[in-house]
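# Fold and geometry: a report
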Amino acid sequence: MMPTTPEPPWRTRAFVEHTMGMAVSLHIRVAHDEFDSRTDELADAAHRAFAALHRADDVFSTYRADSDLMRIRRGELDETEADPWYADVRALCEEAATVTNGLFTTDLVGPDGSRGYDPTGLVKGFAVERAADVLRAVPGIVFCLNAGGDLTCDAGAGASASIERVWRVGISDPRDAAGVVATIELTQGALATSGTAQRGAHIVDPRTNVDENRRRGQESPMGHGGECASVTVVGPDLIWADVWATACFLEPDALAFSRMAASYRVAHLQA
């Protein structure tokens, strides 16, 4: 008779919703002996976390004519009357443009063909971190919130030491959607990847106004000189991990001389 494998001292509850144009998954780990009694509490926490993402979509979507962003771009809404998150993101975008020496930009052409302020490159990280704030306030849990491959993980106060903290994240092969080129272990913090494998994502180099996803993915399938096909950055906050993944996709050494280099690093660069 084969020996049985003992159950781990923790269990996982998973939730998935589609928002902001992508699938978002939330995995919550909790002590095994608390799992059944906290079912409703975990579902409520997940609902409130996803509500933060839906709020971000209401404010910043470039695909919805009724979003605050698009109404402002059409002159129908004054910035001072928009959701307070609008001003928060605007300030963060200005900081991102400064610290990356202009590699991060919000001057983009939107889905409707109009050019204007578009904070898409920062909004996902901002929204996920606001959702994670909800989860950090839930005691005794360990969680990972994954939005289209960019994620943040953390724990609530008093989480049992018996709950596994490590999350193993596979990095997609930018030239083979079914492949994984690296696995990164993360216990607390954020991970973001920018590259040619991300369908629907367009990283425009503000220095040349060229869509680098398209150029590198189509024109140079086997690599193009010293350029990379994807960059993964890890650090304490998804806002800045995502910003630096974008900047390092355009200029691999962009982070090296930044004041943020002590907190953020390139965890994987795929040529």
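Refer to the structure above for everything that follows.
All chains use their own residue numbering, which begins from 1 and follows the written sequence. The predicted nature of this model means local features are confined to residues of pLDDT at least 70 and side-chain atom pairs, given and counted, to a pLDDT of 80 or more, with totals for whole chains, interfaces and linings taken over all residues. As a rule here, side-chain values cover all heavy atoms of the structure and leave hydrogens and water aside.

## Points about the overall build of the protein
Secondary structure elements are taken from DSSP: a helix is a run of H or I of four residues or more, a strand is a run of E of two residues or more, and numbering for both begins at the N terminus. Of regular secondary structure, the protein possesses six helices and 13 strands. Burial status follows relative accessibility: with a 1.4 Å probe on protein chains alone, a residue under 20% of its type maximum counts as buried, one over 50% as exposed, and anything between as partly exposed. When the 271 residues of the protein are sorted by exposure, 49% land in the buried category. Of the contacts formed within the protein by residues at least 6 apart in sequence, a portion of 58% connects residues at least 24 apart. Carbon and sulfur atoms make up 51% of the accessible area of the protein, which amounts to about 13,200 Å² in all. Throughout, a contact is declared for two residues whenever any of their heavy atoms are within 4.5 Å. Note on areas: Shrake-Rupley, 1.4 Å probe, and residue coverage restricted to the protein chains presented here.

## Some details on helix H4 (residues 120–136)
Taking 1.5 Å as the rise per residue, H4 with 17 residues should run 24 Å; its terminal C-alpha atoms sit 25 Å apart, in good agreement. Within H4, 12 of the 17 residues are buried, which leaves the element mostly enclosed by the surrounding structure. Those residues of H4 that fall on the buried side of the exposure criterion are Leu 122, Val 123, Lys 124, Gly 125, Phe 126, Ala 127, Val 128, Glu 129, Ala 131, Ala 132, Val 134 and Leu 135. Each residue after the first adds 1.5 Å to the expected span of a helix.

## Some details on the side chain of Asp 68
Residue position: Asp 68 is located in helix H2 (residues 68–73). His is not counted here, nor are the chain ends, while Lys and Arg score as positive and Asp and Glu score as negative. Only one rule defines a salt bridge in this text: a Lys or Arg side-chain nitrogen within 4 Å of an Asp or Glu carboxyl oxygen. No salt bridge is formed by the buried Asp 68; its nearest oppositely charged neighbour, Arg 71, is found at 4.4 Å. Filtering out sequence-adjacent residues up to four positions away, Asp 68 remains in contact with Asp 58, Val 59, Leu 77, Ala 82 and Asp 83.

## Section: the pattern of salt bridges
This model, assessed by the stated rule, comprises 17 salt bridges. We note a salt bridge from Arg 90 to Glu 79, for which the minimum N-O separation is 3.1 Å. Linking Arg 90 in helix H3 (residues 84–99) with Glu 79 in the loop between H2 and H3, this pair joins segments that are 11 residues apart in sequence. Note on Arg 90: relative accessible area 27%, which makes it partly exposed. Classification of Glu 79 as partly exposed rests on a relative accessible area of 38%. The salt bridge involving Arg 136 is made with Glu 129; its shortest N-O contact spans 2.9 Å.

## A short note on the sheet that holds strand S1 (residues 10–19)
Each pair of strands is called paired provided DSSP finds at least two bridges between the two strands. With respect to topology, seven strands assemble into an open sheet ordered S1-S2-S5-S6-S9-S12-S13, the strand pairing being antiparallel. Each of the sheet's edge strands pairs with one partner strand only, and the pair in question is S1 and strand S13 (265–270). Averaged over all adjacent pairs, the angle separating strand axes in this sheet is 15°, with direction ignored. Here strand S9 (residues 189–195) pairs with strand S12 (residues 230–235) via six bridges, running antiparallel. Paired with Ser 194 across the bridge in S12 is Val 231. Orientation is described by lines fitted to C-alpha atoms, with helices fitted over the stretch in contact, and by angles between N-to-C directions that extend from 0 to 180 degrees. Helix-sheet contacts for H4 involve strand S2 (22–31), strand S5 (141–147), strand S6 (150–155) and S9, and the interaxial angle to S5 is about 160°. Contacts between helix H6 (residues 238–250) and the sheet are confined to S6, S9, S12 and S13, with S9 contributing the most and set at about 25° to the helix.

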